[in-house]
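Breakdown of the fold
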Amino acid sequence: MKVLVINSGSSSIKYQLLEMDTEKVLAKGLVERIGIEGSRIIHRKNEEKYVIEKVIKNHEEGLKEVLDLLTSEDYKVISSLNEIDAVGHRVVHGGERFSSSVIIDKESLDAIEMMSFLAPLHNPANVMGIKAAMELLPNVPQIAVFDTSFHQTMPKTSFLYAIPYEYYEKYKIRRYGFHGTSHKYVSRRAAEILGKDIKTLKIITSHIGNGASIAAVKNGESFDTSMGFTPLEGLVMGTRSGDIDPAIVSFLAQEEGLTAKEVVEILNNKSGVYGITKGFSSDMRDIEDKALEGDKVCRLALDIYEYRIAKYIGAYAAAMNGVDVIVFTAGVGENSPVTREEICEKYLTYLGVKIDKEKNNFKGLERVISTPDSKVTVLVVPTNEELMIARETKELVSTKN
Ligand SMILES: Nc1ncnc2c1ncn2[C@@H]1O[C@H](COP(=O)(O)OP(=O)(O)O)[C@@H](O)[C@H]1O
Ligand SMILES: CC(=O)OP(=O)(O)O
Ligand SMILES: [Mg+2]
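Residues numbered from 1 in each chain as written. Chains lettered and ligands numbered in written order. Predicted model: local features only at pLDDT ≥ 70, side-chain atom pairs only at ≥ 80, totals over all residues. Heavy atoms only, no water.

Inspection of the region around ligand 1 gives 17 residues, with Ser11, Ser12, Lys14, Gly211 and Asp283 positioned closest. For ligand 1, an oxygen atom lies 3.5 Å from a polar atom in the backbone of Val332. When residues of the shell around ligand 1 are traced back to their parent elements, those giving at least two are helix 10 (284-292) and helix 12 (330-335). It is helix 12 that provides the largest number of residues to the shell around ligand 1, a total of 4 residues. A class-by-class count of the residues in the shell around ligand 1 yields 3 nonpolar, 9 polar and 5 charged. Lining the shell around ligand 1 are residues from two domains, each supplying at least three of them: domain 1 (2-146) and domain 2 (196-380). (Near = heavy atom within 4 Å. Polar contact = N/O pair within 3.5 Å; in protein donor to acceptor, adjacent residues only side chain to side chain. Helix = DSSP H or I, 4+ residues; strand = E, 2+ residues; numbered from the N terminus. Nonpolar A, V, L, I, M, F, W, Y, C, P; charged D, E, K, R; others polar. Domains from an automatic or database assignment.)

What follows is the structure, encoded as structure tokens:
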């Protein structure tokens, strides 16, 4: 069975085509820096890597390029899209309606589309991807795998906000949490790598990419996470503010003559490191490079970014009354030794965290980066949301047949 997986992130599209009988990856790739300067596609087939520089303005253009690539003369892995048996889509917000993956039909697609206002940087791109795939592959089952599913185990103490209870009942306002597929995958991989039963571990998973969130994974289940009702809460991100005093919304609305919705758009699209650096960049590579060259504004942005991550790690160590393992993953977590080292060395030594700087100096591999005498084991685990989505897709399609 050949499964195509499409993972639209806020700044990227990741894709994988897998032969699910063996879980062999036939092709995979990344469309990155969508909508900003320097957009490109990195396409891998077998051991070959191709970098295609191209202006890609939005997710729709990006997805079209991906589908063309899979069958194009130069890079092809399949002769026609008809060879694809099922498509697995990452869908960011599933609300309380979707606690597990579904085969998409008209009704579920409408429901996903209706949730767009709760995940404005994601659900519209997810819906676009589903519609495009349905059009190009009309007879192929399309499956939605939700970022919110893994976090459904959170207790009420973690997911309820201290606002009038009726708003939870009436509007389902609560913490949902996102990046669940990633937090689940890396926490399980970490336990496997360490040869330990995940049911005995207190793990903090730090998914830091363009979107970023932290989760407290206790005994294998999500216990708390930093993103909330929408993917805006929590950490400082590429263009998102993360936590702020909610009173800022009405203050800014009044002072700047904006609606509340417009202020929230600013918090989603013009804030984070992009906002702190006065629009210099939302991409952590650009910020880190300048910070290391001595640029004060970028240094400040990186400091604020790291400080917020460290605060959440401290909070979740308290929430679980301890921490055995800390995992770094996603674009920054996997590829930035500087960020990992600064977080651990500046803020986490009180927990007994000790990093081996030599071991930490690498990109994109599974590796323990703490010293043998560190009280907490720190690992880098490259996430693989696509593999998890492909497995769910195979399972759903097989049970249906
Ligand atoms: N070598 C690197 N050093 C620092 N940051 C990096 C590096 N490589 C990638 N990143 C950052 O990772 C982020 C993208 O992460 P990713 O998880 O792919 O994002 P998303 O899925 O949210 O679109 C970008 O900010 C990018 O700059
Ligand atoms: C939920 C979210 O922010 O996803 P991403 O990091 O892929 O943008
Ligand atoms: Mg992502």
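On the secondary structure map, Thr153 appears in the loop between strand 8 (142-146) and helix 4 (156-159). A C-alpha to C-alpha distance of 6.7 Å links Thr153 and Phe223, two positions 70 residues apart in sequence. Filtering out sequence-adjacent residues up to four positions away, Thr153 remains in contact with Glu221 and Ser222. A distance of 3.5 Å separates a polar atom in the side chain of Thr153 from the backbone oxygen of Phe150. (Contact = heavy atoms within 4.5 Å.)

For the rest of this paragraph, the subject is the site of ligand 2. Surveying the vicinity of ligand 2 reveals the residues Gly9, Ser10, Arg90, Val92, His122, Asp147, Phe178, His179, Gly211, Met227, Pro231 and Arg240. Side-chain polar atom of Ser10 to an oxygen atom of ligand 2: 2.6 Å apart, as the coordinates give it. Burial of ligand 2 by the surrounding chains reaches 93%, relative to a free accessible area of 260 Å². Partitioned by chemical class, the residues of the shell around ligand 2 number 4 nonpolar, 5 polar and 3 charged. The residue makeup of the shell around ligand 2 includes at least three contributed by each of domain 1 (2-146) and domain 2 (196-380). (Areas by Shrake-Rupley, 256 points an atom, 1.4 Å probe, with all protein chains shown as cover.)

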